[in-house]
Amino acid sequence: MADLDNKDQAEMDPADMEDVEEEEEDAGEDNSKARQLTRQMMQNPQILAALQERLDGLVGSPSGYMESLPKVVKRRVNALKNLQVKCAHIEAKFYEEVHELERKYAALYQPLFDKRSEIVRAAYEPTDEECEWKQDEEEELTVSKQEEMKEKAKVEEEKKDEEKEDPKGIPEFWLTVFKNVDLLSEMLQEHDEPILKHLQDIKVKFSDAGQPMSFSLEFHFEPNDFFTNTILTKTYKMRSEPDESDPFSFDGPEIMGCTGCTIDWTKGKNVTLKTIKKKQKHKGRGTVRTVTKTVPNDSFFNFFSPPEVPESGELDEDSEAVLAADFEIGHFIRERIVPRAVLYFTGEAIEDDDDDYDEEGEEADDEEGEEEADEENDPDYEPKV
C-alpha cells in the first residue's frame, strides 16, 4: 500500500502538488485563526458564564456508566453513598467543634485586641520596650548609619513638634485599613470618610455555647455629629448541617442570613439617603412645579441594612448578588481584617495577599506571550503602530 502511495505521488502532476501545499497552508491558517477565536471566546465573561452554567447542569447528571453496572454492584454503590451521607454528618459535627474552638481562642485574643484599641484611641501609651521592633537581618543597617538616621529623625520630630501639636493615638487607623483593602474601599464614598474617622474598634463576637451558630461584627464609634449610636452591629447566622435533599453538597458551614441594626442619624446627616429635585408638568394646565424626593444613596453604611431573607429562602437575582457580596465582606472582616488590622494599616498584609497571585500572574504572562507568538505567525496579523 505504501509503494502504491509513493507511485501515485511520483506520477502526480507538479501543479497538483502545489495545490496540495496550498491546501495545507490554508489548513494551518484556519487552525491558527480557530485558536485565536477560541482564546477570544474564553476571555469573554458572558461566554464563560454560559459555559459554567452548562457545566453546572451536567454535575450530578447520569453518565450512563452506573446504568451499565450489574444490579449487585449498584446495590454496593448505594451502600457507599449511604456511608458518604454519614461522613457528611460527621463533618458537620467537626465544624461545630471548630466553632467552639474559635469561641475559646477568641477569648484569648481579645485582651490583645483590647490593648490595640487602647493604643489606637490614645487610652494607653505603650512603653519604649513595647515600641521596640527588631528589624529583619536584611533590613539591619550599620551602627553608624543607624545613628545618623536616628539623629535625623530626632531633628525632624523636634521640628514637627514645634509646628503642630503631637497627635493622639493612631489617627484614622481603621479608615486607613478600609482604604487599603480593595474589597472595602470599593464600598467607601467620599461622604463616608469623615464618619469612619470616628471608628475606634471592630470586634467579633461568637454565639454562646449551645446557641445556634452565628457571629456578630461590632463597630465601635466615639461620640460624633453623625449618629448617636456608639456601636453598630451586623450579625451573621450560620448552619453546619447537610441539606437533607442534597447531603453531598455539604462543604462546611454556610451563612443562612444576616441582620443589621438601626442607625440613629442626626437630622440632616444620613449619608445613606440623598435629596433630589424633580420638575413635574401638569397634564391639563401645563404648569410646572418642583418636587423634592428622598432616594437611596451609595454608602458604606448600607452595610448595616442588608436585604431580608424571606422564610421561603427565595430571593430575586439582585438580592442574591447583594447578599453574596455581603457574606464575603463579613467573612473577610472576621477572618482577616480584625485579626491582622495593623498589617493592613501598614500595607504588609496586602503585599502578602498579592504574593498569592504571583504564580497565576506568571501563567497569564506566558499565555500573553503565546498569543503574541500566534499573532506573529498569522499571515493576516497586522502589528499595532
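For clarity, every value in this text was computed on a predicted model and none was experimentally measured.

About the criteria used
- Residues numbered from 1 in each chain as written.
- Predicted model: local features only at pLDDT ≥ 70, side-chain atom pairs only at ≥ 80, totals over all residues.
- Heavy atoms only, no water.
- Patch = residues over 30% accessible without salt bridge, like charges linked within 9 Å, V, L, I, M, F, W, Y side chains within 5 Å.
- Areas by Shrake-Rupley, 256 points an atom, 1.4 Å probe, with all protein chains shown as cover.
- Salt bridge = Lys/Arg side-chain N within 4 Å of Asp/Glu carboxyl O.
- Lys, Arg positive; Asp, Glu negative; His and termini not counted.
- Charge placed at Lys NZ, Arg CZ, Asp CG, Glu CD.
- Helix = DSSP H or I, 4+ residues; strand = E, 2+ residues; numbered from the N terminus.
- Buried < 20%, exposed > 50% of the residue type's maximum accessible area, 1.4 Å probe, protein only.
- Pairing = 2+ DSSP bridges.
- Axes fitted to C-alpha atoms, helices over the stretch in contact; angles between N-to-C directions.
- Contact = heavy atoms within 4.5 Å.
- Phe/Tyr/Trp six-rings, centres within 6.5 Å; stacked < 30°, edge-to-face > 60°.
- Lys NZ or Arg CZ within 6 Å of the ring centre and 35° of its normal.

What to know about a negative patch on the surface
Among the surface-exposed residues, Glu 241, Asp 243, Glu 244 and Asp 246 lie close enough to one another that they form a single negatively charged patch. Looking at the secondary structure, you find Asp 243 in the loop between β3 (231-239) and β4 (254-259). Under the relative-accessibility criterion, Asp 243 is labelled partly exposed at 33%.

Focus on the sheet that holds strand β2 (residues 214-221)
The strands that make up a sheet are held in pairs by hydrogen bonds between backbone atoms, and each pair lies either parallel or antiparallel. In space, the 4 strands of this open sheet follow the order β1-β2-β3-β4, with antiparallel pairing throughout. Looking at the sheet topology across the chains shown, the edges are occupied by β1 (199-206) and β4. Sheet twist, expressed as the mean angle between neighbouring strand axes with direction ignored, is 20°. Across 7 bridges, β2 lies against β3 in antiparallel orientation. In the sheet register, Ser 216 faces β3, and the bridge partner there is Thr 235. Along the sheet face, helix α5 (residues 71-120) touches β1 and β2 and points at about 170° away from the line of β1. Contacts from helix α11 (residues 317-337) reach β1, β2, β3 and β4 within the one sheet, and its direction differs from that of β2 by about 75°.

A few points about the packing of aromatic side chains
Applying the stated criterion to the full structure yields 21 aromatic pairs. Residues Phe 221 and Phe 227 carry aromatic rings whose centres are separated by 5.1 Å and whose planes lie at 85° to one another, so their mutual orientation is edge-to-face. Each member of the pair, Phe 221 as well as Phe 227, is classed as buried. Linked through ring pairs, Phe 178, Phe 219, Phe 221, Phe 227, Trp 265, Phe 300, Phe 301, Phe 303 and Phe 304 together constitute an aromatic cluster. Lying across the ring of Phe 303, Lys 234 places its NZ or CZ 3.5 Å from the centre. The ring of Phe 226 carries Lys 269 above its face, with NZ or CZ at 5.5 Å from the centroid.

On their own, these measurements won't tell you what the molecule is for.
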